[in-house]
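Fold and contact review
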Amino acid sequence: MSDATSVEPAAADATSTAAGPSEGSSTGRRSGGRAGRAALRASHVVERVPYLTRTLKPFEIASEETLALIEHTADTVLEEVGIEIRDYPEALPIFKAGGAEVHGTRVRFPRGMCREIVSTHAPATYVQHARNPLHDVVIGGNNTVFAPNYGSPFVHDLDNGRRYATLADFQNFVKLAYMSPWLHHSGGTVCEPVDVPVSKRHLDMVYAHLKYSDKPFMGSVTAGSRAADSVELARIGFGGDLHDRTVMTSLINASSPLVWDGTMLAAAQCYAEHNQACIITPFILAGAMAPATSAGVAVQTLAEALAGMTFTQLVRPGAPVVFGSFASSMSMQTGAPTFGTPEPAMVLYTMAALARRLGVPFRSGGSLTASKLPDAQAAYESANTLQPTVLGGVNFVLHAAGWLEGGLAIGYEKFVLDCDQLGMMSTFVRGLDASENGLALDALRTNPPGNHFLGTAHTLANFETAFYRSDTADNNSFEQWSEEGALDASQRANAIWKRRLAEYEAPALDEAIDEELQAFVQRRKAELPDEFA
């Protein structure tokens, strides 16, 4: 399985789940109970922030000596073993001109070459501009950007179960990501619309990001020509000239172990030439695509990522680049990937520290699970992935919402439940409020011992913002919960995503720009053959 794009399934005549009614009507319930609470929740406006700024120091698990040893070992791999370049001879002279040794399709790098090139030229932070400047994100530093699921050929919801994803599903998830205050980015291939030919679907996907959202987005990476189409659509969508602005951050995966292929390198070259950002990510299933030990995974990840980041900097020094790491453990009994386990968390913490030492933004983590349903397994595994993501100081978080079944599926209910957890993380990263209001000394002075604080001026001034308000959890009494239908979390999430799609309003898009975008899409579709494999 590739993190950049799923294996392309055959087309299926699947019908997308339509946006249903808000929550349905109820009978035999107390007047003002549920409706009153719903109105109160609706009146609570959540402040939208374009990205998170962490006040917490990153959690470290590896000593400076250990990190230096991993760096030294990765340089040894690059120097002695090297990287295989497949199906892209254009990359070989670029590496050679930069100082690498090229023998056939094997490229070896003198010790320290990649580190010097990347640390000298790649920016530590960069701005990804959104169509709406209010949604611009700063990637790197103490910032965290949450982006949704990526690459799943299947979707899941409680009404229709598991089925092939369609373009309508893709558009739905773009809309849901746009409406969530906790997702800062529209993502890329949120799911694979298998009802559209592989050769043409990138056009519909990039257009959907521009049409149905005004948050930042990702471009296509499944061919160099599709990356070029993405750049052209972005140019049109941003008014005719990008002015060298970075408006896409796109995912470039290594073919681990120690291989970079022509598909990814061609896309990376196109984006780097146009000053668009690349997330250089080894996608590793430990024990199969890398050694079974966490330190061995870290060594290989660093070597592969350094080679890929070096390539972008040789193409265009200063082009934005993100150091990516996607590492999963596996069942040694079945070979299936496993998530939420301790070993990938250790790799994440280690790679985040290595990225900080290199001086580039870092991508990893998400809300990952092998579960097929939005159940207890999904909740535990996703939490065990998301918490290291936040504590480790990850800058760009792909798969933050919706991931199911090891990435093979994206779930509507899972998407809603994950977004709620992202909201909790947005509160957590602010850290402890030690201001005058936070210390609450006046409240402690004026409230006599033994008296509750419910009616104090301090509580009344802070009650609306004192605690995170979940929009999916049920904290009512058993009697209230029973009266309101005895719904579990996934059933409540089912009603929420339907209501949100019913209430969706598209962001503004200039009519002339929209017409030009559609004309480009139609022209390119007419030029391209239908391919489903």
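Just so it is clear, the structure is predicted and the values come from calculations on it, not from any experiment.

The rules behind each value
Residues numbered from 1 in each chain as written. Predicted model: local features only at pLDDT ≥ 70, side-chain atom pairs only at ≥ 80, totals over all residues. Heavy atoms only, no water. Phe/Tyr/Trp six-rings, centres within 6.5 Å; stacked < 30°, edge-to-face > 60°. Helix = DSSP H or I, 4+ residues; strand = E, 2+ residues; numbered from the N terminus. Buried < 20%, exposed > 50% of the residue type's maximum accessible area, 1.4 Å probe, protein only. Lys NZ or Arg CZ within 6 Å of the ring centre and 35° of its normal. Pairing = 2+ DSSP bridges. Axes fitted to C-alpha atoms, helices over the stretch in contact; angles between N-to-C directions. Contact = heavy atoms within 4.5 Å. Core = buried A, V, L, I, M, F, W, Y, C linked by side-chain atoms within 4.5 Å. Salt bridge = Lys/Arg side-chain N within 4 Å of Asp/Glu carboxyl O. Left-handed = near helix turned anticlockwise from the far one by under 90°. Nonpolar A, V, L, I, M, F, W, Y, C, P; charged D, E, K, R; others polar. 1 Å grid on protein atoms, 1.4 Å probe; cavity = no way out; pocket = protein on both sides within 12 Å on 5 of 7 lines; lining within 4 Å. Points joined across faces, edges and corners; volume = space filled by probe spheres on them.

1. Examining the packing of aromatic side chains
One pair of aromatic rings is described through two measures. These are the centre distance and the angle between the planes. This model, assessed by the stated rule, comprises 14 aromatic pairs. Ring centres 6.0 Å apart and planes at 80° place the aromatic pair Y178 and Y504 in the edge-to-face group. With Y178 in helix α5 (residues 167–179) and Y504 in the loop between α17 (489–503) and α18 (511–527), this pair connects stretches of sequence that are 326 residues apart. Assigned by exposure class, Y178 and Y504 land together as buried. Geometrically, the ring pair formed by F323 and F362 is edge-to-face, given 5.8 Å between the ring centres and 85° between the ring planes. On the criterion of sequence distance, the pair formed by F323 in strand β13 (residues 321–324) and F362 in strand β16 (residues 362–363) is long-range, its members being 39 residues apart. Pair check on accessibility: F323 and F362 agree, each one buried. Put simply, the rings of F173, Y412, F415 and W497 touch in pairs and so form one group of aromatic residues. Sitting over the ring of F154, R162 keeps its end group 3.6 Å from the ring centre. A cation over a ring is seen here: K175 above Y212, with NZ or CZ 5.0 Å from the ring centre.

2. What about the sheet that holds strand β11 (residues 259–261)?
Read across the sheet, 4 strands follow the order β3-β4-β2-β11 without closing on themselves; strand pairing throughout is mixed. For this open sheet the edge positions go to β3 (101–103) and β11, each flanked by a neighbour on one side alone. Averaged over neighbouring strand pairs, the angle between their axes works out to 25° when direction is ignored. Docked against the sheet, helix α8 (residues 262–273) engages β2 (83–86) and β11, running at close to 65° with respect to β11.

3. Here we look at the nonpolar core
Of all hydrophobic cores here, the largest spans 134 residues; its most connected members are I85, F109, F146, W260, M309 and F323. Those residues in contact with M309 that sit more than four places away from it in its chain are V118, I280, V321, V322, F323, L358 and V360. Grouped together as the second largest cluster of nonpolar side chains are 6 residues, F283, F326, A370 and W403 included.

4. Quick word on the pattern of salt bridges
It is possible for side chains of opposite charge to pair when their charged atoms get near one another. Taken as a whole, this structure holds 23 salt bridges when the rule is applied. R111 is paired through a salt bridge with E79; the nearest N and O atoms lie 3.5 Å apart. Of this pair, R111 sits in the loop between β4 (106–108) and α4 (113–121) while E79 sits in helix α2 (residues 64–80); the two residues are 32 residues apart in sequence, bridging distant segments of the chain. Of the residues examined, R111 reaches a relative accessible area of 36% and is grouped as partly exposed. What you see here is one network of salt bridges that share partners, running through E64, E71, R115 and R357.

5. Looking at the sheet that holds strand β19 (residues 409–411)
Spatially, β9-β8-β19-β18 is the arrangement adopted by the 4 strands of the open sheet, whose pairing is mixed. Edge positions in the sheet fall to β9 (161–164) and β18 (403–404), since each has one partner strand and no second. Pairing of strand β8 (residues 154–157) with β19 involves 3 bridges; the strand directions are parallel. Its bridge partner being in β19, F154 is matched across the sheet by A409.

6. What about the packing of α5 against helix α6 (residues 198–212)?
Helix-helix packing is characterised by the crossing angle of the two axes and by the distance between the axes. As a packed pair, α5 and α6 sit with axes 10 Å apart at the nearest point and diverge in direction by 35°. Every pair of crossing elements has a handedness; the one defined by α5 and α6 is right-handed. When α5 is examined against α6, the residues L167, F170, Q171, V174, K175 and Y178 are found in contact with a partner set consisting of D204, M205, A208, H209 and Y212. Its residues placed into classes, the contact of α5 with α6 shows 7 nonpolar, 2 polar and 2 charged.

7. Quick notes on the layout of surface pockets
For the second largest pocket, the calculated volume is near 480 Å³. Going through the elements one at a time, α13 (436–439) and α15 (457–462) are the ones with two or more residues in the lining of the second largest pocket. The biggest single contributor to the lining of the second largest pocket is α15, with 3 residues. Here the residues of the lining of the second largest pocket are counted per class, giving 6 nonpolar, 8 polar and 2 charged.

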